[in-house]
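Chains, contacts and geometry: an overview
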Amino acid sequence: PATGTVRYDVEPATWNQLLPSSWGQGCLERRTIESWRTPLEIAGAQVVNHASHATLGCEGLPAVPRLGGPFLALLRRGRCTFTQKALEAHAAGFAGLLVIDSIYGGLPDMTAPVDDTIVQVPAWITSSAIGDTIIAALSGTPPGFATADVAEVHRKPKLGERQKDEFGLRRYATM
């Protein structure tokens, strides 16, 4: 298997700016006031490819292995809301979620349909082309050997639909 570091661009979900209010995996939970509202970072996450999952991660996502971690779920966009995918990933024990976009063009800003505060796991979205590249790279590695460091370089504040700031025009999508 190839080794090395490859950088891919991803966009954060709107609920990421509310995290971490606490961070947990399994039965462990950490609450650090100093870490609230700072850019998220998950280092050394083992990427678990669920891109071909029968329900696209909308239900019945398999639990993470008991040992190791943190784990990052890789899912394709579609069939349900981003919130549902994040809730399923959290329930299965994942520390984060990476969604592969299925629509070509600019990436949407992932948001919850009603309330961003119900989501307890950070999520990011990447293009279909980058997602397919990640899947191809994962197919050439034994399980547990592909790791990812996910970090937000900036906190992207939530604005109104079609409002613009230094990060560009917002196009919110719930699904």
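In short, a report on the structure. Nothing here was measured: the structure is a model prediction, and the numbers come from that model. Here the residue numbers are simple positions, counted from 1 along each chain's written sequence. Reporting of local features is limited, given that this is a predicted model, to residues whose pLDDT is at least 70; pairs of side-chain atoms are given and counted only at 80 or more, and all residues count toward the totals for whole chains, interfaces and linings. Computation of side-chain values: all heavy atoms of the structure, hydrogens and water removed.

Turning our attention to the overall build of the protein. In terms of regular secondary structure, the protein is built from two helices and 12 strands. Taken over 175 residues, the protein has a buried fraction of 43%. What makes two residues a contact is simply this: any of their non-hydrogen atoms within 4.5 Å. At a minimum sequence separation of 6, the contacts of the protein that also span at least 24 residues come to 73%. All accessibility values rest on the Shrake-Rupley procedure with a 1.4 Å probe; residue burial counts only the protein chains present in the view. Summing over all exposed atoms, the protein offers an accessible surface of approximately 9700 Å²; the carbon and sulfur share of this is 57%. Under the scheme used here, helices are H or I runs from DSSP no shorter than 4 residues and strands are E runs no shorter than 2 residues, and both carry numbers assigned from the N terminus. The rule is simple: take the accessible area with a 1.4 Å probe, protein chains only, and divide by the maximum for that residue type; under 20% is buried, over 50% is exposed, in between is partly exposed.

Time to look at the nonpolar core. To form a nonpolar core, buried Ala, Val, Leu, Ile, Met, Phe, Trp, Tyr and Cys residues must be joined to one another through side-chain atoms within 4.5 Å. W15, L74 and F94 are the most contacted members of the largest nonpolar core, which totals 39 residues. Beyond its immediate stretch of four places on either side in the chain, W15 contacts F82, T83, A86, M110, T111, A112, D116, V119, V121, P122 and A123.

A few words on the pattern of salt bridges. A pair is scored as a salt bridge if a Lys or Arg side-chain nitrogen falls within 4 Å of a carboxyl oxygen belonging to Asp or Glu. Counted by the stated rule, this structure contains three salt bridges. R7 is the salt-bridge partner of D9, the closest N and O atoms lying 2.9 Å from each other. Take D9: its relative accessible area is 49%, and that puts it in the partly exposed class. With its nearest N and O atoms 2.6 Å apart, the salt bridge here joins R77 to D101. A residue pair is termed long-range when its members are at least 10 positions apart, and R77 in the loop between β5 (71–76) and α1 (82–91) and D101 in the loop between β6 (96–100) and β7 (109–110) qualify at 24 residues. Using a relative accessible area of 2% as the deciding quantity, one classes D101 as buried.

Counting buried positions along β6 yields five of five residues, so the element is predominantly enclosed. Covered by surrounding structure in β6 are G96, L98 and I100 together with L97 and V99, the residues of both alternating faces. Paired strands are those between which DSSP finds at least two bridges. Relative to β6, β5 runs parallel, the two being bridged by five bridges. For R76, the partnering residue across the bridge sits in β6 and is I100. Handedness of the crossover joining β5 and β6 through α1 is recorded here as right-handed. Alignment of β6 against strand β8 (residues 123–126), held across four bridges, turns out to be parallel. Looking across to β8, one finds that L98 is bridged to W124. Think of it like this: strands point away, you trace from the first strand over the helix to the second, and a clockwise trace means the crossover is right-handed.

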